Amino acid sequence: MLFGVQNNGAIALKDAEILYDKNFLTIDEATTYFNVLRKETDWQQDRIKVFGKVYDQPRLTALFANNKNPYSYSNITMYPTPFSPILLEIKSKIEKKINQTFTTCLLNLYRNGQDSNGWHADNEKELGKNPIIASVSLGADRFFHMKHRTDKTQKLKLNLTHGSLLVMSGPTQHHWLHQIPKTKKNIGERINLTFRIIK
């Protein structure tokens, strides 16, 4: 089911608070940020354990923060690097828009359509009870899927475009799962910056 984005950027979903700004960054800003982050980030590929099997995570990642607090998910523990000037610049733009201060940013690099992120919720204990996740997309468009944990009629499919901002907050992570699925389309690289607060 496709939901319309309201004038204020809100998406009306059951048990969720979702905001989507397709034009958060200009095309020039987004392209500059992509090029710098792609080149200057020390990307890593962790191995994850799913259903007892260990395999290479199907994307590259990096963690930055204004503190030394680690972040753990899927049996991976990441330790942050201090924010770079360009990440601080992006962080400041987000914070001014939504009046929220973030401590940490997890970056994902999707190298092609076969890189993906399976169904999950950002509900790790470090993130607190009702975490707010602000996600900036740079590079190739990718579809973002959401599904309600108990109400199978509730689904969302959103095309995350170059320079867009998606914010999930309130009870969203308790009631919804999300993913970036694989695609057979020949698409370019995408960098996703997910700003969060780690207690």
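Whatever comes next refers back to the structure up there.
Counting of residues starts from 1 at the beginning of each chain's written sequence and follows it residue by residue. In view of the model being predicted, local features appear only for residues whose pLDDT reaches at least 70, and side-chain atom pairs are presented and counted only at 80 or more, with totals across whole chains, interfaces and linings using the full set of residues. Hydrogens and waters are ignored; side-chain quantities use all the structure's heavy atoms.

Q: Now, about the nonpolar core: what can you tell me, with residues and values included?
A: Within the largest apolar cluster, 30 residues are counted, with the highest numbers of intra-cluster contacts made by Leu37, Ile94, Leu107, Val136, Leu138, Leu193 and Phe195. Strands are runs of DSSP state E lasting at least 2 residues, helices are runs of H or I lasting at least 4, and numbering of each runs from the N terminus. Sorting the residues of this core by element identifies α1 (27-40), β5 (60-65), α2 (85-98), β9 (104-110), β11 (133-139), β14 (165-169) and β16 (190-196) as the ones contributing at least two each. Beyond its immediate chain neighbours, meaning those up to four positions away, Leu138 contacts Leu25, Ala30, Tyr33, Phe34, Leu37, His162, Gly163, Glu189, Arg190, Ile191 and Leu193. Definition used in this section: a nonpolar core is a set of buried Ala, Val, Leu, Ile, Met, Phe, Trp, Tyr and Cys residues joined via side-chain atoms within 4.5 Å. Burial classes follow relative accessibility: with a 1.4 Å probe on protein chains only, a residue under 20% of its type's maximum area counts as buried, one over 50% as exposed, and anything between as partly exposed. The next biggest cluster of nonpolar side chains, apart from the first, holds 25 residues, and it includes Tyr20, Leu63, Leu106 and Trp176. Any two residues whose heavy atoms approach within 4.5 Å at even a single point are treated as in contact.

Q: Break down the packing of aromatic side chains for me, with residues and values.
A: Between rings of Phe, Tyr and Trp, where Trp is taken as its six-membered ring, a pair exists when centres lie within 6.5 Å; planes separated by under 30 degrees are stacked, by over 60 edge-to-face, and by other angles tilted. Counted by the stated rule, this structure contains two aromatic pairs. Centroid distance Tyr71 to Tyr73: 5.7 Å. Interplanar angle 35 degrees. Geometry classified as tilted. Each of the two residues, Tyr71 as well as Tyr73, counts as buried. When the centroid spacing of 6.3 Å and the interplanar angle of 55 degrees are considered together, the rings of Phe102 and Phe195 count as tilted. Here Phe195 lies in strand β16 and Phe102 lies in the loop between α2 and β9, a separation of 93 residues in the sequence. Here Phe102 and Phe195 have matching classes, each one buried. Distance and angle both matter: a charge sits over a ring if NZ of Lys or CZ of Arg is within 6 Å of the ring centre and within 35 degrees of the ring normal. A cation over a ring is seen here: Lys147 above Trp119, with NZ or CZ 4.4 Å from the ring centre. Here the basic side chain of Lys157 rests over the ring of Phe143, its NZ or CZ set 4.6 Å away from the ring centre.

Q: Which residues make up α1, and what values go with them?
A: Helix span is expected to be 1.5 Å times the residue number reduced by one. The end-to-end C-alpha distance of α1 is 20 Å, a good match for the 20 Å that 14 residues give at a rise of 1.5 Å each. For α1, every residue scored as buried is listed here: Ala30, Tyr33, Phe34 and Leu37. All buried residues of α1 lie within an arc of 105 degrees about the axis, which places them on one face of the element. Those residues of α1 that are exposed and aimed more than 90 degrees away from the buried face are Asp28, Lys39 and Glu40. Against α2, β9, β11 and β16 lie the buried residues of α1. The directions considered for the arc are those from the helix axis to the C-beta atoms.

Q: Please set out the sheet that holds β11 residue by residue, giving values where relevant.
A: Pairing between two strands requires that DSSP report at least two bridges joining them. With mixed pairing, eight strands are arranged side by side in an open sheet as β1-β2-β14-β11-β16-β9-β5-β8. Edge strands, defined here as strands with exactly one partner in the open sheet, are β1 (10-11) and β8 (81-82). One ladder, built from four bridges, connects β11 with β14; its direction is antiparallel. Looking across to β14, one finds that Val136 is bridged to Leu165. Axes here mean lines fitted to C-alpha atoms, for a helix over just the part in contact, with angles spanning 0 to 180 degrees between N-to-C directions. Running at roughly 60 degrees to β16, α2 makes contact with β2 (17-21), β5, β9, β11, β14 and β16 of the sheet.

Q: Go over the pattern of salt bridges with me, naming the residues and quoting the values.
A: What counts as a salt bridge is simple: a side-chain nitrogen of Lys or Arg found within 4 Å of a carboxyl oxygen of Asp or Glu. Per the stated rule, a full pass over the model turns up seven salt bridges. One salt bridge connects Asp151 with Lys14, and the closest N-O pair in it is separated by 2.9 Å. With Asp151 in the loop between β12 (142-148) and β13 (155-160) and Lys14 in the loop between β1 and β2, the pair connects residues that are 137 residues apart, well separated along the chain. Given a relative accessible area of 18%, Asp151 falls into the buried group. When the shortest N-O distance is used, the salt bridge between Arg47 and Asp56 registers 2.8 Å. Exposure remark for Asp56: the relative accessible area of 39% places this residue in the partly exposed category.

Scope: geometric values only; no functional claims are made or implied.
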